[in-house]
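Examination of the molecular architecture
Now for the letters of each chain:
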Amino acid sequence: MTERDFSATAAKVEPEARKLIAQYPEGCERSALLPILHAFQNVEGWVSPEAIDRTAAWVGVPRSVVESTASFYTLFHRRPVGRYMLQPCRNLSCIINGAGEIMAHFRERLGVGHNQTTQDGLFSYEEAECLAACDRAPCMQVNLQFYYDLTKEKIDAMLQAMRDGTFEVAPLPQSAVPGLDWHVAVEAERRSPGAQGVPDPFDPGGLGDRSGVLMIERLARDPEPIIARPTHERLIADGAALIAKPQRNGETH
Amino acid sequence: MPVVKVLTDGIGEANLRDLDVYRKRGGYLQWKRAVTELTPAAVLDVTTKSGLRGRGGAGFPTGRKWSFLPNNGRPRYMVCNCDEAEPGTFKDHMLLEETPHQVLEGMLIGTYAIGSKHAFIYIRGEFERGYHIFMEALAQARAAGLVGSGLFGTDVAIEVTVHRGAGAYICGEETALLNSLEGRRGEPRLKPPFPAVKGLYGEPTVVNNVETLATLPHLLRNGPEWFAKVGPEKSPGYKIVSVSGHVKKPGNFEVPLGTPLRELLELAGGPRDGRKIVAIQPGGGSSACLFEEHLDLPYDFDTMAQNGTMLGSGAVVFFDDSTNFVEAALALVRFYAHESCGQCTPCREGGHWLEITLERILHGGGLASDIDLLIAVSHQLTGINLCPLGDSIEPFLASVVKRFEAQFRAYVSAPEAAGVIA
């Protein structure tokens with residue numbers, strides 16, 4: 001982490017933080033933890049280590065407690081993200097109304113996957129869970145503003161307007177250059193060490209096929225390389241990300 | 001058509017976000033009446049007599065929930081649960097954005113009824129627009145002397161705090177919500193003690209859903225009998241039902257409980273042309289599916305429970321014969337795997353196993369034994385977790401695997417031929 005001047009940001013957030021703390025009963029300052037992190041993210045575009053430090057000091061808990069708490073909540077970006085946070089819904093009512101195609105279109109147009117940011121730092125992309133707008137499926141949020149009844153054409157128009165700087169939703173503030181990934185590879189990481197038979201990204205055949213025998217049989221049946229299939233592609237990509245820790249301008253992506 | 005306008009009255013016609021508009025339609029009159037004419041016990045009595053059951057998912061009688069608060073002289077808290085995230089549910093989202101004053105009035109009445117001086121509303125982080133709308137409504141109400149101290153010239157004082165969540169489905173579970181409100185990870189607590197005894201900051205607390213609280217002004221206005229006489233005896237009143245999926249006009253429909261599912265389908269414009277409904281998920285992502293033979297069942301808490309499912313939050317998803325149930329099951333299983341807080345091993349690991357297994361099946365890498373594995377794992381992870389999240393995986397998954405087994409098997413035996421059931 002390079003040193004940067006945080007005092008302006010802190011000065012901007014502090015009066016709001018004091019007000020937020022005052023909303024809770026005396027001795028319950030910690031309740032303002034989430035609201036203060038929101039306030040920092042509104043200013044900086046993400047929850048920076050410095051924001052964690054200040055929050056810890058203001059609500060009177062160790063910084064590890066703020067870290068631990070912040071990491072629980074998906075809306076807090078622990079790494080810088082792009083100007084537009086694109087979050088199509090991938091849950092039930094959207095999936096049965098074509099969200100799969102919408103997500104595939106986003107991935108193709110943006111050239112990035114789930115929890116990733118484009119090279120130019122303009123777009124971050126995350127497939128989100130039910131956004132409570134199932135009557136207008138498929139739906140999404142752009143910087144937390146709702147967009148409904150999505151079609152490929154609507155998405156293309158939306159992305160173009162964002163590129164042209166004419167989109168109606170204000171871009172997220174930028175206080176640091178976003179990296180390619182803005183989350184750790186959660187799915188690959190959270191598997192319990194030593195769990196028996198749990199498929200891992202390095203196991204080509206997946207569940208029940210640690211030796212890869214079934215995969216070879218499948219490949220023999222189907223000449224199309226198995227890695228072309230989305231599941232395996234994702235598992236392998238996650239695995240690669242873990243090993244390679246891709247850099248912004250690296251060749252891994 | 002049985003559609004009614006109680007909580008949804010005026011939505012789409014008037015700007016109910018404006019305090020004056022809301023007041024002209026009778027808004028806050030019941031709040032004033034409660035403070036100036038009724039004792040908290042009287043409000044509790046009306047609520048109990050109405051038979052109102054919680055609208056968030058569990059369907060617990062609201063009056064009874066309030067009556068569990070101990071008289072120990074400690075501060076007590078009212079928490080309005082607006083962390084709506086149950087797949088298929090979008091009624092609280094609408095109430096918050098379209099009629100925030102009704103939500104606030106209901107919160108105030110509920111807070112008064114339980115003898116609390118401090119109400120909180122926990123708003124889902126994604127509802128940023130709703131948060132700002134509610135903040136504006138609260139500011140208007142505060143300026144008009146409807147919130148704060150010395151209300152209507154009495155010594156009644158109620159403070160309201162708005163708290164934003166930050167993206168965690170589990171915070172809709174009441175004890176996880178309380179942890180989140182205290183600035184902690186949103187991990188459910190072991191019960192007992194229940195929040196009524198030891199809730200927010202360790203004090204007696206009631207957590208009520210948005211729709212439950214928004215119903216209170218109407219109960220005071222019309223009397224408990226008005227509500228109790230509608231619908232089945234043990235499941236009375238009006239309910240906003242969120243209808244989505246394969247229907248022509250999805251949306252929120254306010255109906256008397258006990259309305260047949262088929263009428264809900266008709267209200268939502270019916271099935272798409274040339275299609276027929278083959279399955280219905282009647283109570284949000286955590287409920288088991290019903291099928292076409294169940295379309296004439298009345299939609300109420302007890303009938304749904306008797307048929308092995310639940311009314312839940314009142315989210316009805318219709319599936320027609322074009323549905324890929326492997327894909328649908330994956331969407332829900334992935335959701336629960338993603339939203340597991342990780343405290344309990346069965347939920348944390350089991351959800352993830354099921355997700356991987358379904359992905360394999362969907363993408364042509366499944367084994368014949370995977371179908372049985374889905375049933376076995378989802379059953380084994382049920383009933384042994386701190387909270388209902390882990391238990392929410394089995395109902396939908398098991399019900400569609402059993403009913404549409406051929407579709408799942410087709411993916412395993414001949415992935416290239418697998419498609420729709422029609």
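Residues numbered from 1 in each chain as written. Chains lettered and ligands numbered in written order. Predicted model: local features only at pLDDT ≥ 70, side-chain atom pairs only at ≥ 80, totals over all residues. Heavy atoms only, no water.

For the rest of this paragraph, the subject is the overall build of chain B. If you tally the helices and strands in chain B, you get 17 helices and eleven strands. Whereas a compact globule of 422 residues would reach a radius of gyration of roughly 22 Å, chain B reaches 22 Å, a difference of no more than 12%. Dimensions along the principal axes, computed over C-alpha positions, put chain B at roughly 75 × 45 × 35 Å. The buried share among the 422 residues of chain B stands at 64%. Taking the intrachain contacts of chain B between residues at least 6 apart in sequence as the baseline, contacts between residues at least 24 apart amount to 70%. Taken as a whole, chain B presents about 14300 Å² of accessible surface, with 53% of it coming from carbon and sulfur. Looking at chain B, you have 41 positive and 48 negative side-chain charges, and the mean spots of the two groups are 5 Å apart. (Helix = DSSP H or I, 4+ residues; strand = E, 2+ residues; numbered from the N terminus. Rg over C-alpha atoms; globule rule 2.2 N^0.38 Å. Buried < 20%, exposed > 50% of the residue type's maximum accessible area, 1.4 Å probe, protein only. Contact = heavy atoms within 4.5 Å. Areas by Shrake-Rupley, 256 points an atom, 1.4 Å probe, with all protein chains shown as cover. Lys, Arg positive; Asp, Glu negative; His and termini not counted. Charge placed at Lys NZ, Arg CZ, Asp CG, Glu CD.)

This next bit is on the pattern of salt bridges. All names here are of chain B. A full pass over the atoms with the stated rule returns 37 salt bridges over all chains. Linking Lys239 and Glu211 is a salt bridge whose minimum nitrogen-to-oxygen distance equals 2.8 Å. Pair noted here: Lys239 is in strand S5 (residues 238–245) and Glu211 is in helix H9 (residues 210–222), with a separation of 28 residues, a long-range link. Each of the two residues, Lys239 as well as Glu211, counts as buried. (Salt bridge = Lys/Arg side-chain N within 4 Å of Asp/Glu carboxyl O.)

Below, the discussion takes up the nonpolar core. For soluble globular proteins, the rule of thumb is that nonpolar side chains tend to be buried together. Core analysis: the largest hydrophobic core is formed by 116 residues, its most contacted members being Leu86 of chain A together with Phe408 of chain B. The dominant element in this core, judged by the number of residues it contributes, is helix H13 (residues 325–339) of chain B, at ten residues. Leaving out residues up to four positions away in the same chain, Leu86 of chain A has contacts with Phe106, Leu110, Phe123, Ser124, Tyr125, Glu126, Met140, Gln141, Val142, Leu159 and Met162 of chain A. (Core = buried A, V, L, I, M, F, W, Y, C linked by side-chain atoms within 4.5 Å.)

Bringing the packing of aromatic side chains into the picture now. Residue and element names in this part refer to chain B. Under the definition given, this model contains 27 aromatic pairs over all chains. Between Phe319 and Phe325, the ring centres sit 5.4 Å apart and the planes meet at 45°, which makes this aromatic pair tilted. Neither residue differs from the other here; Phe319 and Phe325 are each classed as buried. Among the aromatic side chains, those forming a connected cluster through ring pairs are Phe291, Phe319, Phe325, Phe396 and Phe404. One cation-aromatic arrangement involves Arg164 over Tyr131; the distance from NZ or CZ to the ring centre is 5.6 Å. (Phe/Tyr/Trp six-rings, centres within 6.5 Å; stacked < 30°, edge-to-face > 60°. Lys NZ or Arg CZ within 6 Å of the ring centre and 35° of its normal.)

One widely used convention gives an interface's size as the accessible area the parts lose upon coming together. Contacts between the two partners involve 72 residues from chain B and, on the opposite side, 55 residues from chain A. Our enumeration of links across chain B and chain A arrives at zero salt bridges. Within the residue set of the side of chain B that touches chain A, elements represented by two or more residues are strand S2 (118–123), strand S3 (159–164), helix H8 (174–181), S5, strand S11 (315–320), H13, helix H14 (345–362) and helix H15 (370–380) of chain B. Broken down by class, the residue content of the side of chain B that touches chain A amounts to 28 nonpolar, 24 polar and 20 charged. (Nonpolar A, V, L, I, M, F, W, Y, C, P; charged D, E, K, R; others polar.)

Take the pairing of strand S1 (residues 84–88) of chain A next. Residues and elements named next belong to chain A. Of all the five residues making up S1, five are buried; the element is thus mostly covered by neighbouring parts of the structure. Covered by surrounding structure in S1 are Tyr84, Leu86 and Pro88 together with Met85 and Gln87, the residues of both alternating faces. Bridge count between S1 and strand S3 (residues 123–125): three bridges; the pairing is parallel. Across the sheet, residue Leu86 finds its bridge partner in S3, namely Tyr125. (Pairing = 2+ DSSP bridges.)

Our focus in this paragraph is the environment of Lys276 of chain B. Residues and elements named next belong to chain B. With respect to the secondary-structure elements, Lys276 resides in the loop between helix H11 (261–267) and strand S8 (277–281). The exposure class assigned to Lys276 is partly exposed, which follows from its relative accessible area of 43%. Sequence spacing of Lys276 and Phe318 is 42 residues, and the spatial spacing of their C-alpha atoms is 9.8 Å. Not counting residues up to four positions away in its chain, the partners in contact with Lys276 are Glu292, Phe319, Asp320 and Asp321.

Residues and elements named next belong to chain B. Among the structural elements, Pro75 can be located in the loop between helix H4 (62–67) and strand S1 (77–82). Residue class for Pro75 comes out partly exposed when judged on its relative accessible area of 40%. Sequence-wise, Pro75 and Asn252 are 177 residues apart; in three dimensions their C-alpha atoms are separated by 37 Å. Among all residues touching Pro75, those that are not within four sequence positions of it are Glu203 and Pro204.

Our focus in this paragraph is the side chain of Gln281 of chain B. Along the chain, Gln281 of chain B turns up in strand S8. Under the relative-accessibility criterion, Gln281 of chain B is labelled buried at 0%. From its side chain, Gln281 of chain B meets the backbone oxygen of Gly284 of chain B in a polar contact 3.1 Å long. Sequence-distant contacts of Gln281 of chain B, defined by excluding residues within four places in its chain, comprise Leu92 of chain A together with Ser286, Ser287, Cys289, Ala315, Val316, Val317, Phe319, Leu332 and Phe396 of chain B. (Polar contact = N/O pair within 3.5 Å; in protein donor to acceptor, adjacent residues only side chain to side chain.)

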